[in-house]
Amino acid sequence: MSWNLAEPPSGDTLTPYDLRCEHRATPLGVGATVPRLSWRLASDRRGAAQDAYRIRVHARGGPAWDSGWVEGQDVSAGYGADYGGAPLQSLTRYTWQIDVRGGGSATSWFDTGVLHADEWRAAWIGHDPETEPPFEPPTDDREPRSARTAHLPAPRYFRRELDLPPATAVRVVASARGLYELRVNGSRVGDDELTPGWTDYRERVPYQVYDVTDLVGDGGPLCVGAILADGWWSGSLGWDSRRQAQHYGKRPELLVQIVAEHEDGSRTVVGTDGSWRESTGPIRYADLLMGEWYDARLERPGWDRPGFDDSSWAPARIVDTSHDVLVPTVAEPVQVTEDLVPVGVQPASGGRTIVDLGQNIAGRVRLVLRGAPAGTRVTLRHGEALDDGGGLYTDNLRSAEATDHYVAAGEPVETFEPRFTVHGFRYVEVSGHSDFDLVGRALHSATPVAGEFSCSDDMVRRLMSNIRWSQRDNFVSVPTDCPQRDERLGWTADAQVFLPTACYNADVAAFFTNWLADLRCAQTADGAVPDVVPHVMTERHGAPGWGDAATVVPWHLYRVYGDERVLRDSLPSMRRWVDHVERHNPDLIWRNKVGSHYGDWLQAGVTTTREVMATAYFALSAGLTAKAAAVLGLQDVADRYAALRERIGAAFAAAFVSADGRITGDTQTGYLLALAHGLVPEPLVPAAVGHLVADLERRGRRLTTGFAGVGLLGPVLSAYGHQDLAYDLLHDDRYPSWGYSIKRGATTIWERWDGWTEENGFGPVAMNSFNHYALGSVGEWLYGGVAGLGQEEGSVGYRRPLVRPLPGGRLTWASASYDTPLGRLASRWQISGGELTLEVQVPPGAHATVHVPTTDPSSVRESGTPIEPLEVTGSAVVCRIGSGRYTYTSTWER
Ligand code: BGC
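Calculation notes
Residues numbered from 1 in each chain as written. Predicted model: local features only at pLDDT ≥ 70, side-chain atom pairs only at ≥ 80, totals over all residues. Heavy atoms only, no water. Axes fitted to C-alpha atoms, helices over the stretch in contact; angles between N-to-C directions. Helix = DSSP H or I, 4+ residues; strand = E, 2+ residues; numbered from the N terminus. Parallel < 35°, antiparallel > 145°, perpendicular 65-115°, else oblique. Left-handed = near helix turned anticlockwise from the far one by under 90°. Contact = heavy atoms within 4.5 Å. Nonpolar A, V, L, I, M, F, W, Y, C, P; charged D, E, K, R; others polar. Phe/Tyr/Trp six-rings, centres within 6.5 Å; stacked < 30°, edge-to-face > 60°. Buried < 20%, exposed > 50% of the residue type's maximum accessible area, 1.4 Å probe, protein only. Lys NZ or Arg CZ within 6 Å of the ring centre and 35° of its normal. Pairing = 2+ DSSP bridges. Near = heavy atom within 4 Å. Polar contact = N/O pair within 3.5 Å; in protein donor to acceptor, adjacent residues only side chain to side chain. Areas by Shrake-Rupley, 256 points an atom, 1.4 Å probe, with all protein chains shown as cover. Core = buried A, V, L, I, M, F, W, Y, C linked by side-chain atoms within 4.5 Å. Salt bridge = Lys/Arg side-chain N within 4 Å of Asp/Glu carboxyl O. Expected span 1.5 Å × (residues − 1). Bend = angle between axes of the 7 residues up to and from the residue. Disulfide = S-S within 2.5 Å.

S.K.: I'm lost on the packing of helix 9 (residues 610–631) against helix 10 (residues 635–656) in this one. Help?
M.R.: Angle between the axes and distance between the axes: these two values describe a pair of packed helices. For the pair helix 9 and helix 10, interaxial distance at closest approach is 7 Å and the crossing angle is 160°. By the angle class used here, helix 9 and helix 10 are roughly antiparallel. Two packed elements cross with a definite hand, and for helix 9 against helix 10 that hand is left-handed. On helix 10, the residues that touch Glu611, Val612, Thr615, Ala616, Phe618, Ala619, Ala622, Gly623, Thr625, Ala626, Ala629 and Ala630 of helix 9 are Val637, Ala638, Tyr641, Ala642, Leu644, Arg645, Ile648, Phe652 and Phe656. Per-class residue counts for the contact of helix 9 with helix 10 are 16 nonpolar, 3 polar and 2 charged.

Next up, the structure:
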């Protein structure tokens, strides 16, 4: 298991690969009635492009769709094709083959969900408190309960047996208001974690589909079991105490439907109902924030197999028979993607042991105990750091207990891994028994890796590693702010500032499509967007830079993935957001706070004028809304928002840009926002850039930016010819800088520049996460600036890549590879002995513009041959190329 970029197929043949349905590889439970099928292309041949493709889809042994040969210029991969065959049937496997004319072919499949509301048979079932079997705590063991976990109920175990005739296909559809783990005849079903995931449960509860034909298709006695825990539904969430935190419900509920198809065309359909039996088991409590308590003495072997005596179990209670909120799963499930072997084990006070995984992760441990007598209680505490005395540092977790307990059954070897909790940690403190092994299990939404970046500098490589880990650790079903303390919420600004970086690292199309659905359904009647999505703190909404996720996220997804449906789905929400801001700020300066205002959150030692930041975002959102409407062909709407954008721009300039190009507040973020979003009148741009540079110089080339400004430093400084300054910030290791955290041993991105300082030690415990990705939005510049992988203005889905690397700083080489929707785009530059070598890879169907950096335009060669430049700029020779691999050399004197 790892998180590395896979190699595309090689060879001259034009070969489709990475086949996707609705942006996912081999998804089960697809709910779209017209799913989109897409693929990437690979070929080593220069100028390769797909001029015709054919898709054939089969289901149930017969053809379902043949697209015929689809010809024309615009039929490249990436955008894909919408299924155009016979109406899809529920719970059916569709295999599909893509043929490329004159090239290769590839096959894949997708599996449909429950497509018609009348196909649901299952009811929501839960625990009936009236029938609760009295719980007798083992007398030889004090319960490992704290005040925070005292009221946590035990997860419930549900089971149902039936006799299944032999079947050609068996699928289980499952969901929970809560978290479930599904078991069939003693085996765990699938390897997804924390199912069904977190969405806005008031309106959307996703279900999953599992194909269990291989497990039980032969027929015979069948036992379906499920363990049901609180999770996001009724467990601790955010910083409220649990009782208030039962955001969605008081008790979890389960829904399972088994659908078996038989040779003769008949079906067996069995759903959760009052005939299911339920009880408790070895898990005494399980909570996402607090942890899990497992008492192995209470295991009931065979509970999930046929023939178990469940006469002492209680009948499940039917709590709801509606299916209105059930929605098909849109995003990748959470999975364990890597096991981490400890890099250090050291004794701590009181017979404890501290284990160092060497990496801050989101997840949990798998513990193997040897020779623990029955009743031994082993306690696992998790933390991101060690204190000065070498003990576990947990002050920054606030009320999240992040502690698991295991009570041994007394077997020679016992294994424990909690199921329904997740911790943010690098260190684990183990107490209660010293003969053990453990591994850390990193767990997050299984978004496919899409890119990688590397370079000659250790610290910058570490920075990218920290960025990637913070992305993994925080994309747990929804894009969260942090994985460790009592928060873990989908803060909208964090997500939108980090999105460009996230898209380079992983294919997040499905992940954010899902999240946007939650964003839309949480928008207030007034159009305000909540500060966290899913929306759990009703009083918080409408914050500048936060709410703007409503426009920034759909637009960016469209540009990167080229799927216009995200704009179609989001345009009404984009408009409502912009209209909301306009309604409350009729003079177009966003100064009226409707909800929250966080400013340039966690900026270092300065205060960016809030109205400057807010109005810049207002302009950005109006402009993006205009562009989205134009893409969808709604010219009137586009014109209205484009005009609004112009008027906001004029208001901004009049209110905040002085005659000498100074921007009110005179902070880096103020200049960065204004310059990045075209809010400085053209003649004053050089002066405004000058003030930004002067501010950096005055501070000894130190940054002051917070969440809103930090990602713009590299792009804006290099756009105006100051990449030397951008590189100085990148390489800096004084406070405040990324390097400062790395010098201190950071393995993820810190929430705040002063997470730890020499003067004060650990930062404020009230808010000091060591795993927040917002300040890691510099990753966009590493891929897009340093390695130079981007696309031209107006290009969508990387049809027209722009490869413009920026050699500089301490770097002697840098490289990046990125799987665009069309296929692999890559660049690698290296400087040695006054010569620069630039290798470029362009995917089939793309037309790239390449800027070959040089100090002598006449020296540029491609594979040894002089080139025909399109243009010569001060520092590069520009050329246009089709797909394939190219190697440029040029003179490079610094
Ligand atoms: C979160 C942030 C978030 C901020 C808004 C914090 O508690 O951790 O990342 O954007 O609140 O003020």
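S.K.: Just checking my understanding: could you explain the packing of aromatic side chains for this structure?
M.R.: Each aromatic ring pair is specified by the distance between its two centres and by the angle formed by the two planes. Within the structure shown, the criterion is met by 42 aromatic pairs. Residues Trp233 and Tyr248 carry aromatic rings whose centres are separated by 5.9 Å and whose planes lie at 15° to one another, so their mutual orientation is stacked. Of this pair, Trp233 sits in helix 2 (residues 231–234) while Tyr248 sits in the loop between helix 3 (242–245) and strand 16 (253–261), placing them 15 residues apart in sequence. Plain terms: the ring middles of Phe652 and Phe656 are 5.1 Å apart, the flat faces sit at 70° to each other, and that makes the pair edge-to-face. Placement of both Phe652 and Phe656 in helix 10 is noted, with a separation of 4 residues, approximately one turn of the helix. Looking at Phe652, the relative accessible area reads 0%, which means it is buried. Linked through ring pairs, Phe475, Phe498, Phe511, Phe512, Trp515 and Tyr773 together constitute an aromatic cluster. Between Arg472 and the ring centre of Trp469, over which it is positioned, the NZ or CZ distance is 4.0 Å.

S.K.: So what exactly am I meant to see when it comes to the sheet that holds strand 21 (residues 314–315) here?
M.R.: Picture the strands of a sheet paired through backbone hydrogen bonds; they go either parallel or antiparallel. The 6 strands are arranged 13-12-15-10-18-21 in an open sheet whose pairing can be described as antiparallel. Edge positions in the sheet fall to strand 13 (187–188) and strand 21, since each has one partner strand and no second. Strand direction decides the pairing type here: strand 12 (residues 179–184) and strand 13, joined by 2 bridges, are antiparallel. In the strand pairing of strand 13, Val184 is matched with Ser187.

S.K.: Explain the site of the ligand to me, please; I cannot follow it from the model alone.
M.R.: Close to the ligand lie Asp481, Arg485, Glu487, Trp491, Asp494, Trp546, Tyr598, Trp601, Phe707, Glu751 and His772. Within the contact set of the ligand, an oxygen atom lies 2.7 Å away from a side-chain nitrogen or oxygen of Asp481. Measuring from an oxygen atom of the ligand, one finds a side-chain N or O atom of Glu487 at 2.6 Å. Across the complex, the protein chains shield 97% of the 310 Å² of accessible surface that the ligand would expose by itself. Here the shell around the ligand is composed, by residue class, of 5 nonpolar, 1 polar and 5 charged.

S.K.: Please clarify how the sheet that holds strand 47 (residues 871–872) should be interpreted in this entry.
M.R.: Taken together, 5 strands build an open sheet; the order of strands is 39-40-44-48-47 and the sheet is mixed. Whereas interior strands pair on both sides, the edge strands pair on one side only; in this sheet they are strand 39 (789–791) and strand 47. Pairing analysis gives 6 bridges linking strand 44 (residues 848–853) to strand 48 (residues 876–881), with the strands arranged antiparallel. By the bridge assignment for strand 48, Thr849 is matched with Arg880.

S.K.: Would you explain the nonpolar core in this entry?
M.R.: The nonpolar side chains of a soluble globular protein tend to be buried, and buried together. With 212 residues, the main nonpolar core has Phe453, Phe512 and Leu782 as its most contacted residues. For this core, the element with the most residues is helix 9, which contributes 13 residues. Residues contacting Leu782, with those up to four places away along its chain left out, are Phe453, Val460, Leu463, Met464, Ile467, Leu730 and Ala787. Phe158, Ala167, Leu182 and Val270 belong to the second-largest nonpolar core, a separate cluster that totals 27 residues.

S.K.: So what exactly am I meant to see when it comes to unusual backbone geometry here?
M.R.: A negative phi angle characterises most non-glycine residues, just as the trans form characterises most peptide bonds. In the segment running from Thr195 into Pro196, the intervening peptide bond is cis, with an omega of 10°. As for its position among the elements, Pro196 is in the loop between strand 13 and strand 14 (205–211). That bond from Val533 to Pro534 is cis: its omega, -5°, falls within 30 degrees of zero. One non-glycine residue, Ala402, lies in positive phi territory at about 50°.

S.K.: Would you explain the pattern of salt bridges in this entry?
M.R.: Working definition: two side chains of opposite charge can pair if their charged atoms are close together. Evaluation of the coordinates by the stated rule reveals 68 salt bridges. A salt bridge links Asp211 to Arg93; the nearest nitrogen and oxygen atoms lie 3.3 Å apart. Placement of the pair is Asp211 in strand 14 and Arg93 in strand 7 (residues 93–100), with a sequence separation of 118 residues. Owing to a relative accessible area of 34%, Asp211 belongs among the partly exposed residues under this scheme. Using a relative accessible area of 26% as the deciding quantity, one classes Arg93 as partly exposed. Note that Asp486 is salt-bridged to Arg398, the shortest N-O span being 2.6 Å. Of this pair, Asp486 sits in the loop between strand 36 (478–479) and helix 5 (492–505) while Arg398 sits in the loop between strand 29 (392–393) and strand 30 (403–407), and the two are 88 residues apart along the sequence. Through salt bridges that share partners, Arg188, Glu193, Asp339, Arg364, Arg366, Glu417 and Arg441 make up one connected network.

S.K.: Is there a simple way to explain the side chain of Arg364 in this structure?
M.R.: Relative to the helices and strands, Arg364 resides in strand 26 (residues 352–370). Since its relative accessible area comes to 1%, Arg364 is described here as buried. Within the structure, Arg364 has its side chain in polar contact with the side chain of Glu193 (distance 2.5 Å). A polar contact is formed between the side chain of Arg364 and the backbone oxygen of Arg419, at a distance of 3.0 Å. Beyond its immediate chain neighbours, meaning those up to four positions away, Arg364 contacts Glu193, Glu417, Pro418, Arg419, Phe420, Thr421, Phe425, Val439, Gly440, Arg441 and Leu443.

S.K.: Whenever I open this one, helix 5 confuses me. Can you help?
M.R.: In an α-helix there are 3.6 residues to a turn, and that puts residues three or four apart on one side. In this model, helix 5 (14 residues) spans 19 Å end to end at C-alpha, consistent with the 20 Å of a helix rising 1.5 Å per residue. At Leu499, helix 5 shows its largest bend, some 55°, and a proline, Pro500, comes one to four positions later. Of all the 14 residues making up helix 5, 14 are buried; the element is thus mostly covered by neighbouring parts of the structure.

S.K.: Any chance you could explain the state of the cysteines here in plain terms?
M.R.: One covalent bond between the sulfur atoms of two cysteine residues makes up a disulfide. Evaluation of the coordinates by the stated rule reveals 0 disulfides. You can see Cys21 has no disulfide; the closest cysteine sulfur is in Cys503, sitting 20 Å from it.

S.K.: Hey, could you run me through the packing of helix 6 (residues 509–522) against helix 7 (residues 549–561) in this one?
M.R.: Across the interface, helix 6 lies against helix 7 with an axial gap of 11 Å and an inter-helix angle of 155°. Here helix 6 is positioned roughly antiparallel relative to helix 7, judged by the angle of their axes. Classified by chirality, the crossing of helix 7 by helix 6 is left-handed. On helix 7, the residues that touch Ala509, Phe512, Thr513, Trp515, Leu516 and Leu519 of helix 6 are Ala549, Ala550, Val553, Pro554, Leu557 and Tyr561.

S.K.: Looking at this structure, how should I read the side chain of Thr669?
M.R.: Checked against the element boundaries, Thr669 lands in helix 11 (residues 668–676). For Thr669, a relative accessible area of 1% translates into the label buried.

S.K.: How should the environment of Ser434 be read in this particular structure?
M.R.: Relative to the helices and strands, Ser434 resides in the loop between strand 32 (423–431) and strand 33 (436–445). The class for Ser434 is exposed, based on a relative accessible area of 60%. Residues Ser434 and Asp240 lie 194 residues apart in sequence; the distance between their C-alpha atoms is 35 Å.

S.K.: Honestly, the environment of Glu263 in this entry has me stumped. Any pointers?
M.R.: Mapping Glu263 onto the fold places it in the loop between strand 16 and strand 17 (267–271). With a relative accessible area of 74%, Glu263 lands in the exposed category. Here the alpha-carbon distance between Glu263 and Thr168, two residues 95 residues apart in the chain, equals 6.1 Å.

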